[in-house]
Amino acid sequence: MVRRIKTGIPGMDEILNGGIPERNVVLLSGGPGTGKSIFGQQFLWNGLKNGEPGVFVALEEHPVQVRINMSQFGWDVRPYEEKGLFAMVDAFTGGIGEAAKREKYVVRDPDDVNMLIDVLKEAIRDVGAIRVVVDSVSTLYLTKPALARGTVMRLKRVLSGLGTTSILVSQVSVTERGFGGPGVEHAVDGIIRLDLVEIDGELKRSLVVWKMRGTAHSMKRHPFDITDKGIIVYPNKVLKLRGGRAELELI
Ligand SMILES: Nc1ncnc2c1ncn2[C@@H]1O[C@H](COP(=O)(O)OP(=O)(O)OP(=O)(O)O)[C@@H](O)[C@H]1O
Ligand SMILES: [Mg+2]
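Below is a summary of the structure that appears in this document.

What counts as what
- Residues numbered from 1 in each chain as written.
- Chains lettered and ligands numbered in written order.
- Predicted model: local features only at pLDDT ≥ 70, side-chain atom pairs only at ≥ 80, totals over all residues.
- Helix = DSSP H or I, 4+ residues; strand = E, 2+ residues; numbered from the N terminus.
- Rg over C-alpha atoms; globule rule 2.2 N^0.38 Å.
- Buried ≥ 20, exposed ≤ 12 C-beta atoms within 10 Å, placed from the backbone.
- Contact = placed C-beta atoms within 7 Å.
- Near = placed C-beta within 6 Å.
- Pairing = 2+ DSSP bridges.
- Expected span 1.5 Å × (residues − 1).
- Arc of directions from axis to C-beta.
- Axes fitted to C-alpha atoms, helices over the stretch in contact; angles between N-to-C directions.
- Parallel < 35°, antiparallel > 145°, perpendicular 65-115°, else oblique.
- Left-handed = near helix turned anticlockwise from the far one by under 90°.
- Nonpolar A, V, L, I, M, F, W, Y, C, P; charged D, E, K, R; others polar.

We now examine the overall build of the protein chain. Along the backbone of the protein chain there are nine helices and 14 strands. The globule rule puts the C-alpha radius of gyration for 251 residues at 18 Å, and the 17 Å found for the protein chain is close to it. Taking the principal axes of its C-alpha atoms as reference, the protein chain extends roughly 50 × 40 × 40 Å. Taken across its 251 residues, the protein chain has 42% of its residues classed as buried. Counting contacts in the protein chain only where the partners sit at least 6 residues apart, residues at least 24 apart contribute 63% of the total.

So, in structure tokens, the structure goes:
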């Protein structure tokens, strides 16, 4: 029996046959505004509610902004930080600014992957993390694509080696069909892709689980919504994209 970590996102664990196999490193890929950060934050929050400590690595947004964004969904991580059950790794500010001085885990040079990994390891050990989200890994190699695979492999060794189940957010452009480059796509244990497509003047959200080592999973494109409580996935619905038109079907 594979041990699984439940995402706790309504509908998502049904699609994954019960959850993400333990220690998997999952690439969460999608274009701008597709819901990657919210998905990752909800995954961490559900862990905290379940007694599983977590770490969020903020590379894209100010840690203060991440906490504000999360609290808008009712996910207030501050009490968990105070109890040593949640850590925010600040790989955004470089320690610059008043707010950064209050952060406990600061990567002084966010371009230095060695430093990032050292701070991340410390945070994982301190809180005893079961779940980790890195938002986003693309930031680490956007300007140096040749380093992508090596960077992801190093992160994977640390994350899986320390026993965490993790999500690496990967940014792709609106038109790109892939998930973040061949080196990265083969290195990770799982790929979940979030999409936003315009149909008849309306943007529709959907996701697919492209791969997930260690488990069978849905092979369908499922619609999902973002609400003021977070993401809701519809495991019993499939979004069919046909020649630019989408059809929603119950399955
Ligand atoms: N309370 C809410 N209710 C409904 N939808 C919301 C709410 N808050 C945010 N959204 C939607 O979520 C989107 C942002 O999601 P998120 O930040 O997870 O995107 P992302 O994939 O991380 O994008 P990026 O790659 O730009 O960081 C917004 O553009 C908006 O459409
Ligand atoms: Mg984001």
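Taken together, 13 residues lie near ligand 1, and Gly 33, Lys 36, Ser 37, Ile 38 and Ile 226 sit nearest. Secondary structure elements with two or more residues in the shell around ligand 1: helix H2 (36-49) and strand E11 (222-227). If one sorts the elements of the shell around ligand 1 by residue count, H2 sits on top with three residues.

A separate point is the sheet that holds strand E9 (residues 190-199). Ordered in space as E6-E5-E4-E7-E8-E3-E9-E10-E11-E12, the ten strands form an open sheet in which the pairing is mixed. Two strands close off the open sheet at either side, each with one partner strand: strand E6 (105-106) and strand E12 (230-233). Both strand E3 (residues 25-30) and E9 contribute to a ladder of five bridges, which runs parallel. Across the sheet, the residue bridging to Ser 29 is Arg 193, located in E9.

A turn of α-helix holds 3.6 residues, and therefore any two residues three or four places apart point the same way. Here helix H6 (residues 113-127) spans 21 Å end to end across 15 residues, near enough to the 21 Å set by a 1.5 Å rise per residue. Those residues of H6 that fall on the buried side of the exposure criterion are Leu 116, Val 119, Leu 120, Ala 123 and Ile 124. All buried residues of H6 fall inside an arc of 140 degrees around its axis, so they share one side. Summarising the geometry of H6, the exposed residues directed more than 90 degrees from the buried face are Asn 114 and Arg 125. Close packing links the buried residues of H6 with strand E4 (54-58), strand E5 (86-90), E6, strand E7 (131-135) and helix H8 (148-161). Just downstream of H6, Gly 128 is the residue with a positive phi angle, here 70 degrees.

Most of E3 is tucked away: six of the six residues are buried. Side-chain alternation along E3 places Val 25, Leu 27 and Ser 29 on one buried face and Val 26, Leu 28 and Gly 30 on a second face that is also buried. Across six bridges, the pairing between E3 and strand E8 (residues 165-171) is parallel. Note on E8: the bridge partner recorded for Leu 28 is Val 169.

Moving on: helix H3 (residues 63-71). Along H3, the residues that are buried comprise Pro 63, Val 66, Arg 67 and Met 70. Buried residues of H3, viewed axially, fall in a sector of 100 degrees; they line one side.

Moving on, we get to unusual backbone geometry. Following Asp 135, the chain continues to Ser 136 via a peptide bond in cis, the omega torsion being 0 degrees. Even without being a glycine, Asn 17 presents a positive backbone phi close to 55 degrees. We classify Asn 17 as partly exposed; it has 15 C-beta atoms within 10 Å. Unusually for a residue other than glycine, Asp 200 sits at a positive phi of about 50 degrees.

A few words now on the environment of Arg 154. Within the secondary structure, Arg 154 is located in helix H8. Take Arg 154: there are 16 C-beta atoms within 10 Å of it, and that puts it in the partly exposed class. On a C-alpha basis, the gap between Arg 154 and Ile 117 in space is 8.5 Å, while along the polypeptide they are 37 residues apart. Excluding residues that lie within four positions of it along the chain, Arg 154 makes contacts with Val 113 and Ile 117.

The angle between the axes and the distance between the axes are what describe a pair of packed helices. In contact at an axis separation of 11 Å, H6 and H8 are set at 15 degrees when each is read in the N-to-C sense. The orientation of H6 relative to H8 falls into the category roughly parallel. Remark: the crossing between H6 and H8 carries right-handed chirality. Judged by residue contacts, Val 113, Ile 117, Leu 120 and Lys 121 of H6 engage Thr 151, Arg 154 and Val 158 from H8. Tallied by class, the residues present in the contact of H6 with H8 amount to four nonpolar, one polar and two charged.

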